[in-house]
Amino acid sequence: MQADPAPGSLTAPLTLSFPFTRSLGPVLGTFLTGLRERVVLGIRTPAGRVLVPPTEYDPATGAGLGETGAFVEVAPTGTVTTWAWNPAPRPGQPLAHPFAWVLVRLDGADTALLHALDAPGPHAVRTGQRVRIRWAAERTGAITDIACFIPDPAPAAPPRPAAPHPGTFPDPVTTLTAPARLDYTHTPGRAQSRHLTALARHELTGERCPACAKVLVPPRGACPTCGVATTDVVPVGPRGTVTTFCIVNIKAKDLAIDVPYVYAHILLDGADLPLHGRIDGIPHDQVRMGLRVEAVWTPGTRHPAHYRPTGEPDAPYTAYEEHL
Amino acid sequence: MTKEPVAVTGIGQTRHAAARRDVSLPGLVREAARRALDDAGLDWPDVEAVVLGKAPDFFEGVMTPELCLADALGATGKPVLRVHTAGSVGGSTALVAASLVAARVHRTVLTVAYEKQSESNAMWALSLPVPFQPPLLAGAGGFFAPHVRAYIRRSGAPADTGALVAHKDRRNALLNPFAHLHEHDLTLEKVRSSPMLWDPIRYSETCPSSDGACAMVLTDRAGAARAPRPPAWLHGGAMRSEPTLFPGKYFVSPRAGRDCATDVYRQAGVTDPRHDIDVAELYVPFSWYEPMWLENLGFAEEGQGWRLTASGATALDGDLPVNPSGGVLSTNPIGASGMLRFAEAALQVRGLAGDHQVPGARRALGHAYGGGSQFFAMWLVGAEPPAT
Amino acid sequence: MTRPPADIAVVAFAQTPCRPRTGDVSEAEMLLPALRAVLDATGLRTGDLGFVCSGSSDYLAGRAFSFTLTLDAVGAWPPVPESHVEMDGAWALYEAWVRLLTGEADTALVHAHGMSSAGTVRDVLSRTLDPYTLAPLWPDAVALAALQAQALIDAGRTDEKDLAAVAHRNRTAAASNPHAQLRGPRPQGDYVVQPLRTGDCPPVGDGAAAVVLATGDTARRLCDHPAWIRGIDHRIEPHAPGLRDLTASPSTRLAAENAGAFDAPVDLAELHAPFTAQEVVLRTALDLGDDVTVNPSGGALAANPLMATGLIRIGEAAARIHRGEAHRALAHATSGPCLQHNLVAVLEGDRP
């Protein structure tokens, strides 16, 4: 149903990167504080199962374990329940060299914890293998305080029940900072690419809907009221009418524009949809609905830098009323 | 086959704050859900299905969070749905849950909506950079302010209408222990003289950014009969969507909102909303939206909504109290904001709204909207079961 | 009670070809042909629809509120009763099915799309994990599936040769599917994460799908051979893989029981198993023997536009009933790490 990529279709890298701040609450905070102190805590459910990592709520019953459960300390040693060899670690993963992903049931636990196992190769990893924790040198109260697991040559100790633990530590961890970065390739699509390519030549274009004949600016590929593709490129502007606006008095981050400034909806001549832009070349308190303006570019920019008054008489209210 | 009547027998919400640093994400949703179950006299095994709603996953940096919240919602072995309809999502989520009961797919459903905006920074998540697009010039208020100006132009409303609404809603919030903002010292003069951020919108006329959650238990007639406290009954519910931008889009009074209300009133047998509805909890993120929605929802003629506000009719002691909870202007965990409106409407007709109770409320409207004034969800609840 | 008292059918299904990198189209532009196809097939206009529901994910797109743009492709004017799940479109279909059951509508449009190629999808999917103890380790989607595969191998339930056969059979079937991305067998290749090789993993691809549902006589009017939804149900399991037996899928089993899957034999099953080993788990959970045709479309191993893959399973099963190639079919959709959340639908044609 689709043609091959049209020449001139635009793409661009898009990176989303943010350090999320996670408050932990009592159970997770206690678990992660324990890791900082090289202590692995689980939580015992009313049915007697020991969950490691602990969950705040019993996955089996929904019961609140912070209220009815009890912290227990489990061993830093355990048994691999399943594994997978990762020959090419990806960004953010626990080890930068090839390693095994493992689920490990720590001694005293009834569930398995996901982490990395540092081993020389897949031949050195098996289900049932004994492993122990290698602690990170610097620990902050995070799952990465466990640097990884390593093979444990010692034979398994006889099973013993996990020991109760009060779950209290000095200076408990209450938040976790979790940076997350994801990289994307953004595709604005055919219609927007046509529009953006014209904009780079400092030409304003819209696209006409074959069904309702309205001219959409900027075009987004489909007429939103008819649900059909737009294909017919129509020049619009560069003059237009301010339909409505606001005066921005609050400085936006990353925006090198002094306040106050006017942010307006502008109905370009020939268009049936107002677009948004900044008004300059007139004191902000003299901008009004119906003001006639035109696009102004600065060299090298794709989008108009702003719109300025043309000096024409204001458009009558009736000329733009239906676009409010 | 007629629909099963749907009753609201449990309502819970968290304490709302700019940052709930004392709880995890599971802990936040759980706080509301547990309170809703307690209100309904139920426990986790009584819940057959869970419907979860919130706004963009980027707010907390957790994709498809129903997966990692399943344990906290006691959902093992149950169906879980995750709804996302932008700002209206809290309302849409409740309506999806209600449809599960109405269709007799499930008898008792837990619905939960939340946002923990402090995990990221809501403005970051709302304005993720998009390549090729011009820089966002205005922020959240700047998106709405030109439409407010258009409303003022069309209606001739006096400039202080927005301040009246903001003062009223923030005063109502003082009666609501769950509300985020409790501005005891706020006066009308302080609202009027607060900084003009996005002219014509002033600082005190804007909503806060909150962490919070809301939950409700919806059930059938048999469930309502067992409930320990009076239920609210669903008399009508609807969703309507229209495109973000299109030629002739009427931002001041979008047709999707009008059509949605018309559908709800038809289902509920409401012919004169001003007369037939006792209290309305409307999604008003910027104060001027009260008069705009009053017109959009048929409580006032076009261009006359501000007169209703100015007359005091929408005050807690007026004849059409609007936002007795304090509204979005006082509490705004985005994904939960719509459900909080729906829940307040239900609390009112159950007579359980505490200090912000409207005496004798029998029918109440809950309203939510989102996106570019394009997604609408509403329900009308009553103290009596619907006629079947 | 999850058996419908009302007759609701899939009356139309369309999908775009799944492509490794769409590159030139926006999401709305990608979706539009699928929407037009189902509306044209039924002769419905947007204004005729009683309900519209979609499934998609902001995290795939890399943009908040990304679903709002696809409403342009629907042509939602006058305004439509509409909803959206931030899930696979199979769950959007479930929501629409519930809506039709209430009697508030007699037709519904369901659509879904995934531009999986926009980001590095292996890493993007790690953001679905518990943000305290799992996500900070960035375990990617293949790693988690590989842990599940090794558990099956350890349990003696499969081996690498069997898994290669699963891959071969699915992609051989895909040779006759014009919408599939990998049409025909591929070499198993090297390990991506051992024991899973390239051939055990789904291709990364972009695509969209649309379905029209209708009730009773409306369905019969819009479609010569409606695919009646005899049952549909979905269930979730505890989140963390370490809490579960990865060799079993109790949620699939429970959903299938509630959907009536075991009431009578099915002719075919469309399983949402992006990784070969997951098909092994699902076949056991669903009691699918060798007499049942599994994934005649090629399944997710041949085309995996995330958030549409599950809806496509329902659509493919329905399309075979529409064409008279099957009478009773099972469709399955999954979500989450290691098959955490599963949906099962049972579709039937009218007896000839």
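Residues numbered from 1 in each chain as written. Chains lettered and ligands numbered in written order. Predicted model: local features only at pLDDT ≥ 70, side-chain atom pairs only at ≥ 80, totals over all residues. Heavy atoms only, no water.

The name recorded for chain C in an unreviewed UniProt entry is Lipid-transfer protein, from Streptomyces mashuensis.

Under an unreviewed UniProt entry, chain B has the name Acetyl-CoA acetyltransferase and belongs to Streptomyces mashuensis.

A. Here's a closer look at the overall build of chain C. Per the secondary structure count, chain C includes 11 helices and 12 strands. Whereas a compact globule of 352 residues would reach a radius of gyration of roughly 20 Å, chain C reaches 19 Å, a difference of no more than 12%. For the C-alpha atoms alone, the extent of chain C along its principal axes is close to 55 × 45 × 40 Å. Within chain C, buried positions represent 75% of all 352 residues. Across chain C, every contact between residues at least 6 apart in sequence was considered, and the portion connecting residues at least 24 apart equals 79%. Carbon and sulfur atoms make up 51% of the accessible area of chain C, which totals about 9300 Å². Treating the 28 positive side-chain charges of chain C as one cloud and the 41 negative ones as another, the clouds have centres 3 Å apart. (Helix = DSSP H or I, 4+ residues; strand = E, 2+ residues; numbered from the N terminus. Rg over C-alpha atoms; globule rule 2.2 N^0.38 Å. Buried < 20%, exposed > 50% of the residue type's maximum accessible area, 1.4 Å probe, protein only. Contact = heavy atoms within 4.5 Å. Areas by Shrake-Rupley, 256 points an atom, 1.4 Å probe, with all protein chains shown as cover. Lys, Arg positive; Asp, Glu negative; His and termini not counted. Charge placed at Lys NZ, Arg CZ, Asp CG, Glu CD.)

B. Geometry of the interface of chain B and chain A. Counting residues at the interface gives 57 residues for chain B and 59 residues for chain A. When chain B packs against chain A, close to 4700 Å² is buried across both sides, 64% of that on carbon and sulfur atoms. Contact with chain A buries area across many residues of chain B, yet Phe-132, Leu-137 and Pro-247 of chain B alone supply 18% of it, more than any other trio. In this structure, the connection of chain B to chain A is made through two salt bridges. With a closest N to O distance of 3.9 Å, Arg-154 of chain B and Glu-321 of chain A form a salt bridge. For the pair chain B and chain A, the interface holds 18 residue pairs in polar contact (both at pLDDT 80 or more). Considering each element in turn, the side of chain B that touches chain A owes the most residues, eight residues, to helix H5 (residues 139-155) of chain B. In terms of residue class, the side of chain B that touches chain A is built from 31 nonpolar, 13 polar and 13 charged. (Buried area = accessible area lost by both parts, 1.4 Å probe. Salt bridge = Lys/Arg side-chain N within 4 Å of Asp/Glu carboxyl O. Polar contact = N/O pair within 3.5 Å; in protein donor to acceptor, adjacent residues only side chain to side chain. Nonpolar A, V, L, I, M, F, W, Y, C, P; charged D, E, K, R; others polar.)

C. Region of interest: the domain arrangement of chain C. Residue and element names in this part refer to chain C. You can read the domains of chain C as domain 1 (8-120 + 204-222) and domain 2 (125-201 + 230-348). For domain 1 and domain 2, the distance between their C-alpha centroids amounts to 22 Å. Each partner contributes to the interface: domain 1 provides 35 residues, whereas domain 2 provides 32 residues. Taking both partners together, domain 1 and domain 2 bury about 2500 Å²; carbon and sulfur atoms supply 71% of that area. For the interface between domain 1 and domain 2, the tally reads zero salt bridges. Taken together, the links from domain 1 to domain 2 amount to 11 residue pairs in polar contact (both at pLDDT 80 or more). Looking at the side of domain 1 that touches domain 2, the elements that each hand over two or more residues are strand S1 (8-15), helix H2 (58-61), helix H4 (89-101), strand S4 (107-115) and strand S7 (206-215). Here the side of domain 1 that touches domain 2 takes six residues from H4, the largest share from any one element. Its residues placed into classes, the side of domain 1 that touches domain 2 shows 20 nonpolar, 12 polar and three charged. (Domains from an automatic or database assignment.)

D. Just the UniProt feature "domain: Thiolase C-terminal" (unreviewed entry) in chain B, in detail. Per the UniProt annotation, the sites labelled "domain: Thiolase C-terminal" (unreviewed entry) are residues 255-372 of chain B. Taken as a whole, residues 255-372 of chain B contains 42% helix and 9% strand, while its terminal C-alpha atoms sit 13 Å from one another. (UniProt positions renumbered as here; feature names shortened; annotations may be inferred.)

E. Structural view of the sheet that holds strand S4 (residues 70-74) of chain A. Residues and elements named next belong to chain A. Spatial ordering of the open sheet is given by S3-S2-S4-S10, a layout of four strands whose pairing is antiparallel. For this open sheet the edge positions go to strand S3 (50-51) and strand S10 (163-164), each flanked by a neighbour on one side alone. Inspection of the sheet shows S4 paired to S10 by two bridges, in the antiparallel sense. Paired with Glu-73 across the strands is Ala-163, a residue of S10. (Pairing = 2+ DSSP bridges.)

F. Structural view of unusual backbone geometry. The peptide bond linking Val-259 of chain A to Pro-260 of chain A adopts the cis configuration, its omega dihedral lying at -5 degrees. The topology assignment puts Pro-260 of chain A in the loop between strand S15 (239-248) and strand S16 (261-268). Cis rather than trans, the peptide bond between Asp-199 of chain B and Pro-200 of chain B has omega equal to 20 degrees. Within the secondary structure layout, Pro-200 of chain B lies in the loop between strand S5 (196-199) and strand S6 (201-202). Of note, Arg-104 of chain B is a non-glycine position whose phi angle comes to about 60 degrees, a positive value. Phi angles above zero are rare outside glycine, and Phe-132 of chain B is one such case at about 75 degrees. Here Phe-132 of chain B shows up in the loop between helix H4 (122-126) and H5. With a relative accessible area of 18%, Phe-132 of chain B lands in the buried category.

G. The pairing of S7 of chain C, seen in detail. Residues and elements named next belong to chain C. For S7, a buried count of 10 out of 10 residues is recorded, marking the element as mostly surrounded by other parts of the structure. Neither face of S7 is open: one carries Asp-206, Ala-208, Ala-210, Val-212 and Ala-214, the other Gly-207, Ala-209, Val-211, Leu-213 and Thr-215, and all of them are buried. Of the pairings in the sheet, the one linking S4 to S7 comprises nine bridges and is antiparallel in character. Among the inter-strand pairings, Met-115 is bridged to a residue of S7, identified as Asp-206.

H. Focus on the environment of Leu-95 of chain B. All names here are of chain B. Turning to its location among the elements, Leu-95 is positioned in helix H3 (residues 89-102). Taking the C-alpha atoms as reference, Leu-95 lies 9.3 Å from Thr-111; in sequence the two are 16 residues apart. Setting aside anything within four residues of it in sequence, one finds Leu-95 in contact with Gly-237, Ala-238, Met-239, Phe-342, Ala-377, Met-378 and Trp-379.

I. The arrangement of the packing of aromatic side chains in detail. Residue and element names in this part refer to chain B. Per the stated rule, a full pass over the model turns up 19 aromatic pairs over all chains. Look at Phe-143 and Phe-144: their rings are 5.2 Å apart centre to centre, the planes differ by 85 degrees, and that puts the pair in the edge-to-face class. Where Tyr-289 meets Tyr-369, the ring centres are 5.9 Å apart and the plane angle is 20 degrees; that geometry is what we call stacked. One end of the pair, Tyr-289, is in helix H11 (residues 289-296); the other, Tyr-369, is in strand S10 (residues 363-370), and 80 residues separate them in sequence. Judged by its relative accessible area of 2%, Tyr-369 falls in the buried class. (Phe/Tyr/Trp six-rings, centres within 6.5 Å; stacked < 30°, edge-to-face > 60°.)

J. View of the pattern of salt bridges. Residues and elements named next belong to chain A. Overall, the coordinates contain 72 salt bridges over all chains when judged by the stated rule. Between Arg-130 and Asp-107 there is a salt bridge; the shortest N-O distance is 2.6 Å. Highlighted residues: Arg-130 in strand S8 (residues 130-135) and Asp-107 in the loop between strand S6 (99-106) and strand S7 (113-117), separated in sequence by 23 residues. Of the charged contacts, one joins Arg-292 and Asp-269 as a salt bridge, the two residues approaching to 2.7 Å between their closest N and O atoms. Residue Arg-292 is located in strand S18 (residues 292-296), and its partner Asp-269 is located in the loop between S16 and strand S17 (275-279); the two are separated by 23 residues in the primary sequence. On the accessibility criterion, Arg-292 (10% relative accessible area) is buried. Taking the relative accessible area as the measure of exposure, Asp-269 reaches 32% and is therefore partly exposed. Because the salt bridges share partners, they merge into one network encompassing Arg-239, Asp-269, Arg-292, Glu-294, Arg-308 and Glu-312.

K. Layout of the pairing of strand S2 (residues 40-44) of chain A. All names here are of chain A. Burial analysis of S2 places four of its five residues in the buried class, which makes it a mostly covered element. Pairing geometry for S2 and S4, over five bridges, is antiparallel. From the neighbouring strand, Leu-41 faces S4, where its bridge partner is Glu-73. Two elements, S2 and S3, share two bridges in a ladder whose sense is antiparallel. Along S3, the bridge assignment pairs Arg-44 with Val-50.

L. Structural context of the nonpolar core. Judged by nonpolar contacts, the single largest core of 178 residues is most densely connected at Ile-279 of chain A, Leu-365 and Trp-379 of chain B together with Leu-213 of chain C. Residues within four places of Leu-213 of chain C in sequence aside, it is in contact with Ile-8, Ala-9, Val-10, Val-11, Leu-93, Ala-96, Trp-97, Leu-100, Asp-106, Thr-107, Ala-108 and Ile-229 of chain C. In terms of nonpolar packing, the next biggest core, distinct from the first, is built from 113 residues, Val-74, Val-104 and Ile-146 of chain A together with Ala-143 of chain C among them. (Core = buried A, V, L, I, M, F, W, Y, C linked by side-chain atoms within 4.5 Å.)

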